[in-house]
Amino acid sequence: MNKDIVVHTKIGWNFDNSYAKLPALFFSRLSPAAVSAPELVILNCPLASQLGLDADELRGKDGTAIISGSQIPKGANPLAQAYAGHQFGHFTMLGDGRALIIGEQITPSGERFDIQLKGSGPTPYSRGGDGKAVLGPMLREYIISEAMHGLGIPTSRSLAVVKTGEMVLRESYLSGAVLTRVAASHIRVGTFQYAANWGTTEELRILADYTIKRHFSNLEGSENRYLSLLQEVIKRQASLIAKWQLVGFIHGVMNTDNMAISGETIDYGPCAFMDEYDPATVFSSIDIYGRYAYENQPKIAQWNLARFAETLLPLLHDNEDRAVEIAEDVVSTFADLYYCNWLDGMRAKLGLLTKEDQDEELILSLLNIMHKYRADYTNTFRTLTTADNMDMDIFGSKEYNQWHGLWQQRLDRQNKDKAVSHRLMQESNPSVIPRNHRVEEALKAAVEYADYSVMNRLLNILSQPYGYTLEQDEYAKLPKPSGVPYRTYCGT
């Protein structure tokens, strides 16, 4: 590293660097690039407190210097992780091309989180890129990741965004920025693919043992800990993807390097939330064949998990054929695990406290009607919860009226207080999501006019998405009709 380590005891950094103790194959040590004029744009004070950091100190000169990459705090050990991945089905060598983990913060409660600077300059894995990031996409990740946290969906989080004072060339010159990302870890399916392809079996074993110790310590005494690891990762992903589907979230780039072993949502590139319900919805400008469309997310998750299972074959059994059988059997459980999570979640969205065999038919019938009438996904369930704003086309249709009668009969058969069902619906159906037009409105104000008030109001609204407050009504409104489909971009 080419920088002096600076002591910042008042901020509250409490770093450990367990990943740096892995074989050198897995990372490269280097310092983030210093920036010319760091300026704090936004700081997540509640998250700072959870991490054991002093928000006032972070706002100061030294704090801003650290989260811009210009200074390295005592105890930090910056590194870029190496990994591989299937990108749109094609396997390639990757790695942190514009990000560094400066350390693992140990919180006052004993939790461990990676502190990563995104946009911190070139690394050995940049593949010709400049390693920088620009303001708009970094603010977008901040908004969406914090919205996901508010929705109760496992996710990496955003601690801060700092403008660097530099202009970064993309299609035009744009304001440079660094995002401070916080995650349980950045170990990916692609990390294991990298180990399996470019490492030894012993290095793969070391990575697997480290992952178990960090995320699945309860498995350390298992008879076959690597089989148990595979099973637990599948369980977490089945739960995560179901949560995505239940709120209409579309990740956009479900490459294997974007699937975290921890079960968190990471790498917010061309992601967005669906407005009109259409299973074929795609937002990413580069997903021209719909590989990562909303309806395909569960299938892609299982495909990614099969790639993860392949990396573990040498650890699952000494006999390769038997190892393949074991892996195939375990990966095949994903579909049922996902389905059970999704079905239970949909029951909750409809206030169903009990289970009946006909529930799937009732749910799919509603979704089909929503698709036919191009109903807004979030607002349909919001209206079912509140019985207000029934002016959507779907609610005047014969099909909906017939469905509504069947739904009411189903609720009656529960012999439960309707208030309990209503409370369950309110806890399961968000009143607001980060509507695409609201996100774009906030980004435009911030990037073009340095007006961050629009973003701050949006973040406040999204922090309590199940609140059903009067203030949220305005943010639940749909954008004006447009003949141009909404498109998102990876954003570098």
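A.B. asks: Looking at this structure, I do not really get the pattern of salt bridges. What am I missing?
C.D. replies: Side chains that carry opposite charge are capable of pairing whenever their charged atoms lie near each other. Considering all chains together, one arrives at 33 salt bridges under this definition. A salt bridge links aspartate 209 to arginine 225; the nearest nitrogen and oxygen atoms lie 3.1 Å apart. On the criterion of sequence distance, the pair formed by aspartate 209 in helix α6 (residues 201-215) and arginine 225 in helix α7 (residues 225-247) is long-range, its members being 16 residues apart. Residue class for aspartate 209 comes out partly exposed when judged on its relative accessible area of 23%. Classification of arginine 225 by relative accessible area gives partly exposed; the value is 22%. The residue glutamate 474 makes a salt bridge to lysine 477 at a minimum N-O spacing of 3.1 Å. Note on glutamate 474: relative accessible area 40%, which makes it partly exposed.

A.B. asks: Where do I start with the nonpolar core in this structure?
C.D. replies: For soluble globular proteins, the rule of thumb is that nonpolar side chains tend to be buried together. Counting residues in each nonpolar core, the largest one holds 124 residues, and the members touching the most others are Leu139, Phe192 and Leu384. Excluding its chain neighbours within four sequence positions, the residues that come into contact with leucine 384 are Leu350, Leu366, Phe395, Tyr400, Trp403, Trp407 and Met425. Ranked by size, the runner-up nonpolar core spans 23 residues in total, among them Trp13, Ala48, Ile72 and Val162.

A.B. asks: When you look at the pairing of strand β10 (residues 112-118) in this model, what are you seeing that I'm missing?
C.D. replies: Every regular strand shows the same layout, with side chains that alternate between the two sheet faces. In terms of burial, β10 is a largely internal element, six of the seven residues being buried. As paired elements, strand β9 (residues 99-106) and β10 share seven bridges and run antiparallel to each other. Residue pairing across strands places glutamate 104 opposite aspartate 114, the latter belonging to β10. With antiparallel pairing between neighbouring strands as the criterion, β9 and β10 make up a hairpin whose turn holds five residues, including glycine 110 at a positive phi of roughly 90°. In this structure, β10 lies alongside strand β13 (residues 173-183), joined through five bridges in antiparallel fashion.

A.B. asks: When you look at a nonpolar patch on the surface in this model, what are you seeing that I'm missing?
C.D. replies: On the surface, Met167, Leu169 and Tyr173 cluster together into a nonpolar patch covering about 360 Å² of accessible area. With respect to the secondary-structure elements, methionine 167 resides in strand β12 (residues 157-169).

A.B. asks: How should I be thinking about the packing of aromatic side chains in this particular structure?
C.D. replies: For any pair of aromatic rings, geometry is given as the distance between the ring centres together with the angle between the planes. Tallied over the entire structure, the rule returns 18 aromatic pairs. Here tyrosine 277 and tyrosine 294 contribute two aromatic rings whose centre-to-centre distance is 6.3 Å and whose plane-to-plane angle is 85°, an arrangement assigned as edge-to-face. Residue tyrosine 277 is found in the loop between β15 (272-273) and α8 (297-311), and its partner tyrosine 294 is found in the loop between β15 and α8; the two are separated by 17 residues along the sequence. The pair tyrosine 277 / tyrosine 294 is uniform in exposure class, with both members buried. Counting every residue linked through ring pairs, the aromatic cluster contains Trp244, Phe249, Tyr268 and Phe273. Cation over ring: arginine 188 sits above tyrosine 83, and NZ or CZ is 4.3 Å from the ring centre.

Parameters at a glance
Residues numbered from 1 in each chain as written. Predicted model: local features only at pLDDT ≥ 70, side-chain atom pairs only at ≥ 80, totals over all residues. Heavy atoms only, no water. Salt bridge = Lys/Arg side-chain N within 4 Å of Asp/Glu carboxyl O. Helix = DSSP H or I, 4+ residues; strand = E, 2+ residues; numbered from the N terminus. Buried < 20%, exposed > 50% of the residue type's maximum accessible area, 1.4 Å probe, protein only. Core = buried A, V, L, I, M, F, W, Y, C linked by side-chain atoms within 4.5 Å. Contact = heavy atoms within 4.5 Å. Pairing = 2+ DSSP bridges. Patch = residues over 30% accessible without salt bridge, like charges linked within 9 Å, V, L, I, M, F, W, Y side chains within 5 Å. Areas by Shrake-Rupley, 256 points an atom, 1.4 Å probe, with all protein chains shown as cover. Phe/Tyr/Trp six-rings, centres within 6.5 Å; stacked < 30°, edge-to-face > 60°. Lys NZ or Arg CZ within 6 Å of the ring centre and 35° of its normal.

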